[in-house]
Amino acid sequence: MPKRLARLVLMTPDGAVVGCWPPVPVDVPWRQEVESVVRAAREHHGIDVIILRLLEVSPERGDSVEVTYLAEIAEPVPTEIWTGKIDSHPLRQAYAQPGGSAADLAWAVRVLAGHGLEPTAKPVQVRTWNLSSVWRIPIGDQSAWLKVVPPFFGHEGRVIAALAGQHVPTLFGHDEDGRILLAEIPGEDMFEADLPQLLGMVTVLVDIQASWIGRVEELRGMGLPDWRGPGLSMAIADVVQRTSEELSADERAALSRFVEGLAARFAEVDACGLPDTLVHGDCHPGNFRGSELELTLLDWGDSGIGYPLLDQPAFLDAVPPEHLETIKDHWNQQ
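Residues numbered from 1 in each chain as written. Predicted model: local features only at pLDDT ≥ 70, side-chain atom pairs only at ≥ 80, totals over all residues. Heavy atoms only, no water.

Draft legend 1. Structural context of the pattern of salt bridges. All told, the structure shown has 21 salt bridges when counted by the stated rule. The salt bridge involving E217 is made with R220; its shortest N-O contact spans 3.5 Å. Placement of both E217 and R220 in helix α5 (residues 216-221) is noted, with a separation of three residues, approximately one turn of the helix. Owing to a relative accessible area of 43%, R220 belongs among the partly exposed residues under this scheme. (Salt bridge = Lys/Arg side-chain N within 4 Å of Asp/Glu carboxyl O. Helix = DSSP H or I, 4+ residues; strand = E, 2+ residues; numbered from the N terminus. Buried < 20%, exposed > 50% of the residue type's maximum accessible area, 1.4 Å probe, protein only.)

The following block contains the structure:
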């Protein structure tokens with residue numbers, strides 16, 4: 001990936017634009033990762049910032065790309081003139097606006113206090129983008145993790161609470177504004193898991209799904225999207241229709257045939273006899289964390305209700321090809 005140069009447009013808590021700082025290099029290329037951007041701002045300017053949202057990505061130049069972010073600062077500082085415009089949008093998340101993250105962190109501190117805990121150092125902003133805001137809050141020799149998500153992921157806290165005691169994160173608290181406060185999970189992200197770990201992941205997922213067979217109404221009560229045949233068919237057809245102008249004639253024809261055949265496909269799925277249950281929605285090795293076979297399945301915001309093997313393609317796409325048949329055989333035996 002090209003190297004990232006971060007330009008910051010600065011705004012005070014009252015929404016006044018102060019100006020901008022020139023771009024500085026950051027050591028992580030992924031645009032939603034902002035811990036390195038905050039660190040670079042502190043190193044170059046000696047000032048703490050909160051990254052609110054991405055404003056613009058310039059065309060790549062050589063091996064680098066300039067990314068412009070809107071950042072919140074406590075009070076005005078010397079800057080360059082910036083002539084751009086900050087727009088508003090009715091669907092913009094609170095954490096992408098001045099004061100939003102401060103409110104989220106204040107909520108997290110109150111939740112920690114209810115557990116007899118308090119922050120022992122400044123919170124660290126880790127990520128912000130249209131899908132989530134993530135902060136790490138030191139509490140002694142560990143951390144609590146604050147995650148804030150948009151309404152379409154708002155069921156995540158309810159799902160994790162309902163799965164307590166299984167291989168899911170420990171929840172300090174959640175609310176109806178999309179805030180989730182999680183305990184630290186020992187170990188590492190499992191993007192590079194070996195075969196025994198991959199087989200263990202399948203077992204974890206299938207065990208969770210099995211525990212929710214016959215409980216579809218409970219899942220509906222938690223606000224999970226319905227991916228069973230009729231609902232998912234309608235959603236797919238809607239996406240194809242809305243994006244048809246962006247497709248070639250051949251692509252439109254192929255997708256039209258696919259949509260027309262969905263009813264028959266789901267009839268075949270129903271004939272297999274597997275009941276509908278909880279579907280993770282983004283189950284790949286990188287969404288597991290742990291060590292050896294102590295595995296925790298993260299990120300339940302994409303979860304829904306449907307055929308359990310809807311989770312299989314994403315998982316198999318992310319594993320080494322030489323393990324595919326072994327993993328499929330293990331999955332079929334669960």
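Still to come is the rest of the account.
Draft legend 2. Representation of the sheet that holds strand β4 (residues 64-72) in the model. What the four strands build is an open sheet, ordered β2-β1-β4-β3; its pairing is mixed. Looking at the sheet topology across the chains shown, the edges are occupied by β2 (17-26) and β3 (50-57). With direction set aside, neighbouring strand axes in the sheet form an average angle of 25 degrees. Direction of pairing for β3 relative to β4: antiparallel, over a ladder of six bridges. Bridging across to β4, E56 finds its partner in T68. Set on the sheet, helix α1 (residues 35-45) makes contact with β1 (3-11), β2, β3 and β4; between it and β2 the angle comes to about 105 degrees. (Pairing = 2+ DSSP bridges. Axes fitted to C-alpha atoms, helices over the stretch in contact; angles between N-to-C directions. Contact = heavy atoms within 4.5 Å.)

Draft legend 3. Spatial organisation of unusual backbone geometry. Here D299, not a glycine, exhibits a phi torsion of approximately 55 degrees, which is positive. Mapped onto the fold, D299 is located in the loop between β13 (294-297) and β14 (304-306). Relative accessible area serves as the criterion here: at 32%, D299 is assigned to the partly exposed category.

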